[in-house]
Each structure stands twice: as structure tokens, then as C-alpha cells.
Amino acid sequence: TRQSLQAAGVILLLVLFTLHQLASQSASRLSTSSYNGLIFTGLSITSISGNSESDLLANSLLTLPNGLGRCERSFPETKIGFNLEKSYVLPPMTTKVIDTHLEFLSSIGLDKNKLTDSLGHDRNEFGLLQQIVLQKCQTAIETWGTCTTGETGFATGTSAVAILQTHGMAVEAANCGMVSSTHYAIDPLQQVYYNNAGARGVANYFHNSGASMNFYLVNETAALSLASFTKSRSCFDVILLDDGHKFEENIMEITLAITLVPIGGVIVMHDTWMASIKATKTWIAQNLGNSIQIVEQKFARNMMVLVKIAPDDRAWDHFVPFSTEFRDGN
């Protein structure tokens, strides 16, 4: 009957309206849910749909304020570099935090192979990270009132607790009152491969220390996560890259990380003994020398340290061939 058709039409309109609202809310966003006092962030992407040019333009990246998608700020000119001590010793509190974290991981039954494979079996690696994060975060807090760091490859969470501990040291050193500092850890395999051991360890760190900085665990691949941060024009003062080390993964992550750090920001890459990392270093030296400085250091030989010293102003078709042949020790 006519009334039935009218009722069906109203219901159909309501359904279509609801679907439209849900699609609008979910388009290219980060959705979060709480877990053990931490925040797990999952990337949600919907496809662009439209029947006209105006529809496509309305949903495309062209509508964003800056099509370059990069961090636009810079550390003060006198603070672009940093100092690395040749014989840096971790403070007793940092050593205690790391040891307590490793003891906790062992107590919850983490596989010993995964435990010994975590970043920092060489304590000099933590020493290098702490020196960089401490100096950069202190300057960032004094300059912008906040510090943001990130890492790909969260795994056991050992590097995360060391970085979080250093955030606290930087806040204290800056002595600027109430400030905000944040660390993001990106790892899609935390639950599948590590049974959330790293996340539980970081939760234990917060419980024992009473620390107040922000921590986010991003449950997504590094490429998608870093690209999402780029889209939102985020800035990271220090980024540690330590997940998949296939050559193409290195190139993707380095390229995205460079857009995320300000002038004076630092990128640290782990596992420099691998051929893919050596090739990546050569590619950077040959092709990015105008904007990226490789900091030569012997303190932590398994870490490559990069500083962004200028915007990347290369031509759109720039390329310099690079060698992938290496001698032992090079």
C-alpha cells in the first residue's frame, strides 16, 4: 500500500543517512582504544568514492593546507647539532629501569631468544639513544613546550622504557614547569609475536615510576603509520627505526621519517651490520647529502645517526647511483 511504501522509503533514507555519517567519520582517521592504561592506535582507511571531479577533489589530499606533507619547524640554529660523549655511562636510575624491565619480561615467561634479541644487549646503544633524546627533548621543551619521539619495532619494549625514562630527565632538565612529552611505538606484531609482553612491560614501568608522559602503541605497519603521521603534519624530534630491515622498507621509512623531523631532528637506525642498512647508508650519503648529515660515531657501532640539517630541495628527478658492494667492517 501507499503507507507501506512511504514507511519503507523513510527507513531507506535513514539507513543511507546513517551509512553516510559513518563513512564520513571513518575516512582516513586514527581510532584508539584503551588497554592496560596504554593506548593502542589502529589505522583505519576508507576508499575515496565519487562520481565527479568535484567529489574526488573534496576527498583528496589536495584539500590539505600543505601538499608537501612535512614538519615545517626548525630547532634553534645553535641547537641543530648535539654532542656525543666518547665514554657515556648510563645513570644508575636508567640502568635500574632497564634491568627491572628485563626482569619483569622474564617473570611473565617471555621466550629467552626474544628477550636476548631485544635492542640494547649492548648498553652503549641505550647510552647513545639517551644522549640524543635527552639533548633534543630538552631543547624541544624549552623551544616549543613539548617533545615527541617515536620508534618502529617496539618488540620487548626495552628501548621504549629507556626513551620514556629519558623524557622524564629532559623535562626535569628543561625546568619549564608543566609540559607535555609523548612517545609513539609502532609495531603490528606486538600481540601476535610477543603476546603483548612489551606493552605489559611499559605498563609496569608506568606503574612503578609514576611517570606522567604520554605513550601510544600503534598497532600498524611502519609505512602506513609514518605515512599517516605525515598526512597529519606531525613533528617528531627523534625517531628510532628498528623493525623490518629489507632494503625497500629502509628506504620507505627513511623517506617518511625525514618529512616528520624538523630541521635539527634526529633519525637513528639500528642494525648497521646488515647489508641492507649499509646500502641504505650509501644511498643517503650519495643522494641526501644536501639535507641529511650522517653523524660518524664509534660509541655504538650498531647504530646509524642522521641529522636533518636543511629542507630537501633536490630536483624532482634527482638520482645519484650508489654502490651496494661492501668489504668486511664497512
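Novice: Before we go on, may I ask you to explain the overall build of the protein chain in this structure?
Specialist: When you go through the protein chain residue by residue, the secondary structure sums to 11 helices and 9 strands. The burial tally for the protein chain puts 45% of its 330 residues in the buried class. Here the analysis covers contacts within the protein chain between residues at least 6 apart in sequence; of these, 77% occur between residues at least 24 apart. Total accessible area on the protein chain is roughly 17,600 Å²; 55% of this is exposed by carbon and sulfur atoms.

Novice: Any chance you could explain a nonpolar patch on the surface here in plain terms?
Specialist: Among the surface-exposed residues, L189, V192 and Y193 lie close enough to one another that they form a single nonpolar patch of about 340 Å² accessible area. Mapped onto the elements of the fold, Y193 is located in helix α7 (residues 190-194). By relative accessible area, which is 46% here, Y193 ends up partly exposed.

Novice: Just to check I follow, could you spell out helix α11 (residues 275-287) for this structure?
Specialist: Think of an α-helix as turning once every 3.6 residues; residues three or four places apart then point the same way. Over its 13 residues, α11 extends 18 Å from the first C-alpha to the last, a length consistent with the 18 Å expected when each residue adds 1.5 Å. Looking only at α11, the buried set comprises S276, I277, K278, A279, T280, W283, I284 and N287. On its buried face, α11 sits against α10 (247-260), β7 (266-270), β8 (292-295) and β9 (303-308).

Novice: Is there a simple way to explain empty space enclosed by the protein in this structure?
Specialist: By rolling a water-sized probe across the atoms, one finds the places where empty space is left. Under the counting rule described, the total for this entry stands at 1 cavity of 30 Å³ or more. The space that makes up the largest cavity amounts to roughly 30 Å³. Lining the largest cavity are F126, L129, Q130, V133, A162, I163 and T166. Counting residues per element, the ones that place at least two in the lining of the largest cavity are α5 (123-144) and α6 (158-174). The leading source of residues in the lining of the largest cavity is α5, at 4 residues.

Novice: Help me understand the state of the cysteines in this model?
Specialist: In protein chemistry, a disulfide is the covalent bond that joins the sulfur atoms of two cysteines. Inspection of the entire model under this criterion finds 2 disulfides. For C71, the disulfide goes to C235, at an S-S distance of 2.0 Å. Classification of the bridge connecting C71 and C235 rests on its S-S torsion, roughly 105°, and on that basis the disulfide is right-handed. Within this pair, whereas C71 is found in the loop between α2 (53-58) and α3 (92-107), its partner C235 is found in the loop between α9 (222-231) and β6 (238-241), the two being separated by 164 residues in sequence. Accessibility assignment for this pair places C71 and C235 in one class, buried. Here C137 pairs with C147 through a disulfide, and the sulfurs are 1.9 Å apart. Sign of the S-S torsion, about -55° for the bond between C137 and C147, identifies this disulfide as left-handed. Placement of C137 in helix α5 and of C147 in strand β3 (residues 146-152) is noted, with a sequence separation of 10 residues between them. According to the relative accessible area criterion, C137 is buried, its value standing at 0%. Under the relative-accessibility criterion, C147 is labelled buried at 0%. Of note for the protein chain: the bonded cysteines, numbered N- to C-terminal, pair according to 1-4, 2-3.

Cut-offs applied
- Residues numbered from 1 in each chain as written.
- Predicted model: local features only at pLDDT ≥ 70, side-chain atom pairs only at ≥ 80, totals over all residues.
- Heavy atoms only, no water.
- Helix = DSSP H or I, 4+ residues; strand = E, 2+ residues; numbered from the N terminus.
- Buried < 20%, exposed > 50% of the residue type's maximum accessible area, 1.4 Å probe, protein only.
- Contact = heavy atoms within 4.5 Å.
- Areas by Shrake-Rupley, 256 points an atom, 1.4 Å probe, with all protein chains shown as cover.
- Patch = residues over 30% accessible without salt bridge, like charges linked within 9 Å, V, L, I, M, F, W, Y side chains within 5 Å.
- Salt bridge = Lys/Arg side-chain N within 4 Å of Asp/Glu carboxyl O.
- Expected span 1.5 Å × (residues − 1).
- 1 Å grid on protein atoms, 1.4 Å probe; cavity = no way out; pocket = protein on both sides within 12 Å on 5 of 7 lines; lining within 4 Å.
- Points joined across faces, edges and corners; volume = space filled by probe spheres on them.
- Disulfide = S-S within 2.5 Å.

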